[in-house]
Each structure stands twice: as C-alpha cells, then as structure tokens.
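Close look at the chain arrangement
Below, each chain spelled out in residue letters.
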Amino acid sequence: MRSLIAALLGALFAAGAAAQGAFPSRPIVMVVGFAPGGGTDTAARIIAKAATEALGQSVVVENRAGAGGNIAHEQVAKAAPDGHTILLGSVGPLTVAPHMIKNLPYDPLKDLVPVTMAVTFANVLVVHDGVPARTLAEYVKLANDTPGGLTYGSSGIGGAGHLSGELFRMMSKANIVHVPYKGGGPAMQDLLGRQIASIFATPISAGPHIKSGRIRAVAVTSLQRTGFMPEVPTVAESGYPGFEATNWYAYVLPAKTPGEIVDRWNRELVKILNDPAVRQALLAQGMEPAPTSREAIAAYIRREYDTWARVVKEAKITAD
C-alpha cells in the first residue's frame, strides 16, 4: 500500500511539474520600450496578433517608455526567464547605451538572449511644412544660417534616429540640435505642432503625414533608395557618400530562459515573419521582415555593439 501511495504521489508531482513548466501556460507580455504610435510599437502589434494565433495564448503588447528604451530592456533582463515575457528590442538599448551610460542596470550581451531579427529599415529625415528646405543641401544651409541651429527630434538618446542625426551632423557639419522624446509618436506630434523643425523618423510614423502634406521627406538614411519611398533620395547620393544608418528591431528574452523555449520562440517568430500577410503588413509600414537563426542575430548584435562603440566615442555622444 505504501509503495502504491508513493507511486501515485510521484505521478501527481511529475504531472504538476510538467504543467508548471509548460510553455506557454498563460498570457504572454511583449514589451516595447517606446510610447504608442512609433515604429517599434506598430511592428510589435502586427506580430503580436499573429503570435496569439500561433501560440494559443494571448500576446499583449506592453509599452514601457523612457530612457531611450532602456527601462524596458532592464525590465525584461530582470523578468522571470520562462518565455512569458519577451522584448522587441532596438539598436539603441541593445548596442549603444552600454557605451554611453556608465552604470547601465543591465548588460545586453549577458542579461538578454537574442531570438531573431524582426525587421530592418531606413529612417527618413523629415521637416514640417513650415520649413522651407526641400533638399538636403537646403536643409544644411538653413541649419547653419539659423541662430542656434535647427532642432531634430528622436525617440530617445542613443536610439536609431539620434544616431542618424549625430552621424549626419559629423559628416555635414550642419548646426542641428538633438531633442529626445520617449518615442517616435510624441516626437512626431511635436513636429506636426511645429515645436521642432525636423526628425530622423521611422517610415511608420512619417508615412501618413508625408502623404497628407503636413511634413516633407528630405532624405533616407540607407545606402540605396527604399521601395517604400522610392522618390526620396538617400543622404549618400545627396552629397555625403558612404552615409548609412540602418534601423532594426530584434526579439530578445531574459538570459536564463531555457534553450528549448528560446528555440520555440525562434521557430514561431520565423514562421510569423515569413507569413505573407504579416510580411505585407510590415512592408506597408516601410519595414522589411528579416527573420534569422539565433546564431545569426547574436553575431549581428555583437557587430553592431562594436561598431556603435566606435561611433559613440568619436561623436562624443553622452546620456546627458
């Protein structure tokens, strides 16, 4: 009898442990480091909808704006490593912030594990309709002729828009002044309200307002023109050969997440990003789906980490 009871208890314990360890066993939080309305938020919501269907659990997007996305990255780095909290990370917090902030409360290379690249895209320099510049040459001249220079907004210090602006300032010697926000959405609202002169914006946040005529596209930051805005010249062809500042978003999990869960996320996200409907939805927002293996995204983030370390040092970018 004792052996039978022990066997039953053992079976119940094993079943309970298996259920507890199952993934996914409850709703999933997909964290975004910026306010609603920007590029990261829009991409996450497109992908989260498909992930809900694929995983059989609701996937809810949570906006944790602040500190250029660093607050969200810290949150996920310290989250329970069970796969139920995933982050759509970005270039700034993952590869730039460690070189600008001495006491960054997370180490992106040690505290987060890469899952897959999500999307890549160029930023676009836009000005509001009250700024007379229509070409990049006119923009630089106006900046240098304006007392105090021209302002440009971004989604935060160390983000892709900020880096694009700093690289351009270095190459052009234009008198442009950075104004950081808690996301691309708030920055765009101030551009529309003529509180700032320009933004190195995501195609998502800029596209509708370019079509309405309220803002004007001056140049894109990729080496080649984009299919989303084929009529807009690149910075490189507008007098600054070699200029390139590509934006990207990648999925990461807490570092101690079990390998089988990371692999599951990779498989599901790769399928989602290759799905024709999801691809079309992202392409319509100016973003190129770019699913990868775990190894490929880890190597890419490491290269970007080293590249931006050199840029931050040369440009003397600080978190102040």
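Quick caveat: nothing in here was measured; it's all calculated off a predicted structure.

Take the packing of aromatic side chains next. Remark: the centre distance and the inter-plane angle together describe each pair of aromatic rings, the angle taken between the planes. Summed over the entire model, instances satisfying the criterion amount to eight aromatic pairs. Centre to centre, the rings of Y139 and F168 are 6.5 Å apart; their planes meet at 45°, and the pair counts as tilted. Remark: F168 occurs in helix α6 (residues 160-172) and Y139 occurs in helix α5 (residues 136-145); sequence separation between them is 29 residues. Neither residue differs from the other here; Y139 and F168 are each classed as buried. Centroid distance F168 to Y240: 5.3 Å. Interplanar angle 80°. Geometry classified as edge-to-face. A residue pair is termed long-range when its members are at least 10 positions apart, and F168 in helix α6 and Y240 in the loop between β9 (215-220) and β10 (246-254) qualify at 72 residues. By relative accessible area, F168 is classed as buried at 0%. A residue is classified by how much of its surface remains accessible, and Y240, at 16% relative accessible area, is buried. By way of ring pairs, the aromatic residues Y139, Y152, F168, F200, Y240 and F243 are connected into one cluster.

Quick look at the nonpolar core now. Within the largest apolar cluster, 49 residues are counted, with the highest numbers of intra-cluster contacts made by L136, Y139, F168 and I176. Element by element, the count of residues in this core is highest for helix α11 (residues 294-315), at six residues. In contact with I176, other than residues within four places in its own chain, are Y139, A143, L150, Y152, G165, F168 and R169.

The rules we used
Residues numbered from 1 in each chain as written. Predicted model: local features only at pLDDT ≥ 70, side-chain atom pairs only at ≥ 80, totals over all residues. Heavy atoms only, no water. Phe/Tyr/Trp six-rings, centres within 6.5 Å; stacked < 30°, edge-to-face > 60°. Helix = DSSP H or I, 4+ residues; strand = E, 2+ residues; numbered from the N terminus. Buried < 20%, exposed > 50% of the residue type's maximum accessible area, 1.4 Å probe, protein only. Core = buried A, V, L, I, M, F, W, Y, C linked by side-chain atoms within 4.5 Å. Contact = heavy atoms within 4.5 Å.

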